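One-letter residues, chain by chain:
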Amino acid sequence: MAQRDGDYYDDHDLYDATARGVPGDVAFYRDLAVASGGPVVELGVGTGRIAIPIAAAGIAVIGIDLSPAMLAVARRRAAAAGVEARLHLDEGDMRTFTVARPVPLVAIPFRAFLHNLTVEDQRATLDAAYRALAPGGRLVLNVFNPDLALITVWRGRSRRARVPLDADGRVEAHHDYAADAPAVTSTVPGAPACGCAAPRSRCATSFGRRWRAC
Ligand SMILES: C[S@@+](CC[C@H](N)C(=O)[O-])C[C@H]1O[C@@H](n2cnc3c(N)ncnc32)[C@H](O)[C@@H]1O
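Residues numbered from 1 in each chain as written. Predicted model: local features only at pLDDT ≥ 70, side-chain atom pairs only at ≥ 80, totals over all residues.

## Some details on the overall build of the protein chain
On a plain count of helices and strands, the protein chain comes out with six helices and nine strands. The buried share of the protein chain, reckoned over its 214 residues, is 33%. When contacts within the protein chain are restricted to residue pairs at least 6 apart in sequence, those whose partners lie at least 24 apart make up 65%. (Helix = DSSP H or I, 4+ residues; strand = E, 2+ residues; numbered from the N terminus. Buried ≥ 20, exposed ≤ 12 C-beta atoms within 10 Å, placed from the backbone. Contact = placed C-beta atoms within 7 Å.)

Structure below.
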């Protein structure tokens, strides 16, 4: 199963404080979308960080995401930007989504593809994207570029690392690289109200990513 562990994506304040994207990715995907003529599908659309600039450039976007909380923020931001007519947002799963008409571009920005934790899920997502594409259409995504030297060192061992997530280093994640698996579990402090009695600062949420298919 693709995982959306914990509730990291249910807390858009936490998400926005810790996830700023890859430098240049907004312009990169916007320019591809404009060149394709649209409409485009964005899988794992999140809060619309990429989809809204694409819609603002005049291209229709179908944004799909598992998280109702992220989609709610995207809807608000699309309305504030005046692009809601060009941004169709659907709660859905990248492994099983379908479109009414084939599109020239399917994009999976900011490593959302890595939420597919099994090869089966990776293939299901690639198949679903293939079925959504018009002839000659393109799937464009980005993933971590694995450092083979580090993977060799970590192989067979579990490794924990503390990684600053925000610009000024106030939010630190614990990354736990699994032994013998191309996977990392990130634990982020400051989970949203989860119903427990502990103060928010003592809560945490975690999510997994898998960075290569082998
Ligand atoms: C790192 S965020 C990327 C958000 C946005 N694309 C951006 O660049 O800011 C990953 C998003 O993928 C969504 N997601 C995770 N697994 C998914 C799945 N199987 N199908 C659809 N969306 C998924 C999460 O809810 C989250 O909003």
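## Section: the nonpolar core
Within the largest apolar cluster, 36 residues are counted, with the highest numbers of intra-cluster contacts made by V40, A51, I54 and A55. Breaking this core down by element, the ones donating at least two residues are helix 2 (25–36), strand 1 (40–43), helix 3 (51–56), strand 2 (61–65), helix 4 (68–81), strand 3 (87–91), strand 4 (103–108) and helix 5 (119–132). No other element matches the five residues that strand 4 contributes to this core. Those residues within four positions of V40 in sequence are excluded, and the remaining contacts are A33, I54, I59, V61, V103, L105 and A107. (Core = buried A, V, L, I, M, F, W, Y, C linked by C-beta atoms within 7 Å.)

## Side note on helix 5
Structurally, the α-helix is built with 3.6 residues per turn, so residues lying three or four positions apart point the same way. The end-to-end C-alpha distance of helix 5, which contains 14 residues, comes to 20 Å, matching closely the 20 Å that a straight helix rising 1.5 Å per residue would cover. Considering only its buried residues, helix 5 is in contact with strand 1, strand 4 and strand 5 (133–141). (Expected span 1.5 Å × (residues − 1).)

## Details of the site of the ligand
By nearness alone, 24 residues border the ligand, and G44, G46, R49, S67 and F110 come closest of all. Looking at the shell around the ligand residue by residue, the classes come out as 13 nonpolar, five polar and six charged. (Near = placed C-beta within 6 Å. Nonpolar A, V, L, I, M, F, W, Y, C, P; charged D, E, K, R; others polar.)

## Description of the pairing of strand 1
Residues V40 and E42 point to one face of strand 1 and V41 and L43 to the other, with burial holding for every one of them. Pairing analysis gives three bridges linking strand 1 to strand 4, with the strands arranged parallel. Its bridge partner being in strand 4, E42 is matched across the sheet by A107. (Pairing = 2+ DSSP bridges.)

## Things to note about the confidence of the model for the protein chain
Close reading of the predicted structure is inappropriate where its pLDDT is low. Here the protein chain averages 80 in pLDDT, while 59% of its residues score no lower than 70. Predicted confidence for residues 1–6 stays below pLDDT 50, and this span has 22 contacts to residues more than four positions away or in other chains. (pLDDT = per-residue confidence, 0-100.)

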